[in-house]
Amino acid sequence: MTATTKHTPKLALTLLLAFIPSSAHAQPKIFFANDYGAKPDGTTLATAAIQKAIDDAAPKKATVTFKPGTYLTGSLFLKSGVTFDIPEGVTLTGSQHVEDFPELPSRIAGIEMTWPAAMINVRDQHDVTITGKGTIDGNGAVWWQVFRDTLKVYQPKGLRWAADYDAKRVRLSLIQNSYNVHYGGGLTLKRSGFWTVQVLYSHDVTLDGLIIRNNEDGHGPSTDGIDIDSSHDIDVSHADIDVNDDALCLKAGRDADGLRVNRPTENVKIHDSIIHRGAAAITIGSETSGGFHNIEAWNITAESGVPNGVLFKSAHVRGGHASDIRIHDLTFNGVAVPISITMNWNPAYSYTKLPEGTDPKTVPPYWIPLTTPVPEEKGLPHFSNVHIWNIKATGAKQAFRVSAYPNAPLVDFKIDHLDIEAQTAGTIANAENWTMTDNIIKTADGSKVTFTDSANASTKDVPYGEPK
């Protein structure tokens, strides 16, 4: 070898590295929580170990995953760039100790307040994926009992409204102040202590393929399925839900506090889902203060464990404007009331006041916004520009149960191409500029839908068996 061709050791190493694929130099992209000490025995608290894996994975935009087994955990906080993978054969189960869920600022049932962190949290982050075919088990029966015990004491005192806020129950998952979040992939979420998925003050969130089961170990109170709360540009699809309260729900704040925050829910798509049990197939409210705009829901099936099909609910202290709402192509099998709208929902919960003689300085601070009076002109909710069409409903008890207020009517509703079999047709009150066309409504008692206290409302239903 001549001097001109002699390779130094440094040059030889350089040449060798040139032939090694670049991927071989990359940092590891999968972090197993087990390598950080997480034990899959279901009894050893693994919160710190899993969180350390998340923290280490974040700078590398890596995946955190698990070996098969059951992992006991408190609150976990996902970070930007992380994929959190819960494979088939893996269960994350929630701790039964409230100290494992630190209290942080959030919003609960329309009121901003501190609350125990959720089991799975995406707070102030972006580009996060939660996926897998495993299970997140909120282990929520202990939190359900906290609420029942509180309600037992509060209800006789006229404090039904306060029980939901004083019984601090752990949510299963929260996406708050975040964007570009993807959550789904066939995950099973079950036994949530409170709401299962809350999307709060967030945008560009996709929820696809979530299986939610909250009726194991008894009926968990307030175990909503998916709540979209003052957020925008949200897509929800392929949800399979069995819960004991609202299944697919849109919210935007409550009363004085919700009007102060004044953040709408808008640009939302909800589609291709099935509801086995829950308050309704699709719900707007009762927290309506910030309003709703450009909402579309379609291809949703609800079964006989669901009392309402389309449910709008509010109260005369909520306020808010809802418009440009499109709901279509729904199938209801044994749903009691396919179209249900009330602006005076659940008075014992909706209308609040401090007990006589109570010193405001002695009550929890969130009782003050809860009991702050709302002027009538701000408190009346307004729904307008709503189109509902292509609904097939069998086994209903009452086709319509609709009412609002004479000074805040439901304006510019278009209802068409419904095919409903019901015991009775029902009534629509406080409507203005409603058109109902090409609807087939067969009733056991021979009744037809009637309007009361309404203006410019008309129905041109097609006799059953003779569709146009």
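As shown above, the structure is provided for reference.
Thresholds, definitions, all that
Residues numbered from 1 in each chain as written. Predicted model: local features only at pLDDT ≥ 70, side-chain atom pairs only at ≥ 80, totals over all residues. Heavy atoms only, no water. Helix = DSSP H or I, 4+ residues; strand = E, 2+ residues; numbered from the N terminus. Buried < 20%, exposed > 50% of the residue type's maximum accessible area, 1.4 Å probe, protein only. Contact = heavy atoms within 4.5 Å. Areas by Shrake-Rupley, 256 points an atom, 1.4 Å probe, with all protein chains shown as cover. Lys, Arg positive; Asp, Glu negative; His and termini not counted. Charge placed at Lys NZ, Arg CZ, Asp CG, Glu CD. Phe/Tyr/Trp six-rings, centres within 6.5 Å; stacked < 30°, edge-to-face > 60°. Expected span 1.5 Å × (residues − 1). Arc of directions from axis to C-beta. Polar contact = N/O pair within 3.5 Å; in protein donor to acceptor, adjacent residues only side chain to side chain. Salt bridge = Lys/Arg side-chain N within 4 Å of Asp/Glu carboxyl O.

Looking only at helices and strands, the protein chain has eight helices and 33 strands in total. By principal-axis analysis of the C-alpha atoms, the protein chain measures approximately 105 × 65 × 40 Å. Burial analysis of the protein chain (468 residues in total) assigns 54% to the buried set. Long-range pairs, those at least 24 residues apart, make up 73% of the contacts in the protein chain with a sequence separation of at least 6. Taken as a whole, the protein chain presents about 19,000 Å² of accessible surface, with 54% of it coming from carbon and sulfur. Side chains of the protein chain carry 42 positive and 52 negative charges; the gap between the two charge centres is 5 Å.

According to the stated counting rule, one finds ten aromatic pairs in the structure shown. Relative to tyrosine 71, the ring of phenylalanine 66 has its centre 5.0 Å away and its plane inclined at 55 degrees; by these criteria the two rings are tilted. Judged on exposure class, the residue phenylalanine 66 and its partner tyrosine 71 are both buried. Between tryptophan 434 and phenylalanine 451, the aromatic rings sit 6.2 Å apart at their centres with planes inclined by 80 degrees, giving edge-to-face as the arrangement. One end of the pair, tryptophan 434, is in strand S31 (residues 431–443); the other, phenylalanine 451, is in strand S32 (residues 450–452), with 17 residues separating them in the sequence. Cluster of aromatic residues (ring-pair linked, three or more members): Phe66, Tyr71 and Phe84.

Here the focus is helix H3 (residues 141–154). Spanning 14 residues, H3 covers 20 Å between terminal C-alpha atoms, matching the ideal 20 Å at 1.5 Å per step. Looking at H3, one finds that the buried residues are Trp143, Trp144, Phe147, Thr150, Leu151 and Tyr154. Viewed along the axis of H3, the buried residues span an arc of 130 degrees, placing them on a single side of the element. Where H3 is buried, its residues contact helix H4 (160–166) and helix H7 (367–371).

Checked against the element boundaries, serine 75 lands in the loop between strand S4 (69–73) and strand S5 (76–77). Residue serine 75 is classed as buried on the basis of its relative accessible area of 4%. Polar contacts involving the side chain of serine 75 include one to the main-chain carbonyl oxygen of alanine 118, which spans 2.8 Å.

As a further point, take helix H2 (residues 47–57). All of the buried residues in H2 are Thr47, Ala49, Ile50, Gln51, Ala53, Ile54 and Ala57. Looking at the buried residues of H2, the elements they touch are strand S1 (30–32), strand S2 (41–45), strand S3 (63–65), S4, S5 and strand S6 (83–85).

Cis geometry marks the peptide bond from glycine 285 to serine 286, where omega comes out at 5 degrees. For serine 286, the position within the fold is in the loop between strand S24 (280–284) and strand S25 (292–305). In this structure, asparagine 180 is a non-glycine residue whose phi angle is positive, near 55 degrees. Looking at the element boundaries, asparagine 180 is found in strand S14 (residues 179–184). Since its relative accessible area comes to 29%, asparagine 180 is described here as partly exposed.

Our focus in this paragraph is the side chain of serine 231. By secondary structure assignment, the location of serine 231 is in the loop between strand S19 (226–229) and strand S20 (232–237). The exposure class assigned to serine 231 is buried, which follows from its relative accessible area of 0%. A polar contact is formed between the side chain of serine 231 and the backbone nitrogen of tyrosine 201, at a distance of 3.1 Å.

In the structure shown here, the tally under the stated rule is 20 salt bridges. The closest approach of N and O atoms between aspartate 56 and lysine 52, which form a salt bridge, is 3.0 Å. You can see aspartate 56 and its partner lysine 52 sitting in helix H2, four residues apart, about one turn around the helix. For aspartate 56, a relative accessible area of 24% gives the class partly exposed. Linking aspartate 240 and arginine 213 is a salt bridge whose minimum nitrogen-to-oxygen distance equals 2.8 Å. On the criterion of sequence distance, the pair formed by aspartate 240 in strand S21 (residues 240–242) and arginine 213 in strand S18 (residues 211–213) is long-range, its members being 27 residues apart. Residue classification places aspartate 240 among the partly exposed residues on the basis of a relative accessible area of 22%. Take arginine 213: its relative accessible area is 23%, and that puts it in the partly exposed class. Beyond isolated ion pairs, a larger network of salt bridges with shared partners links Glu112, Asp257 and Arg260.

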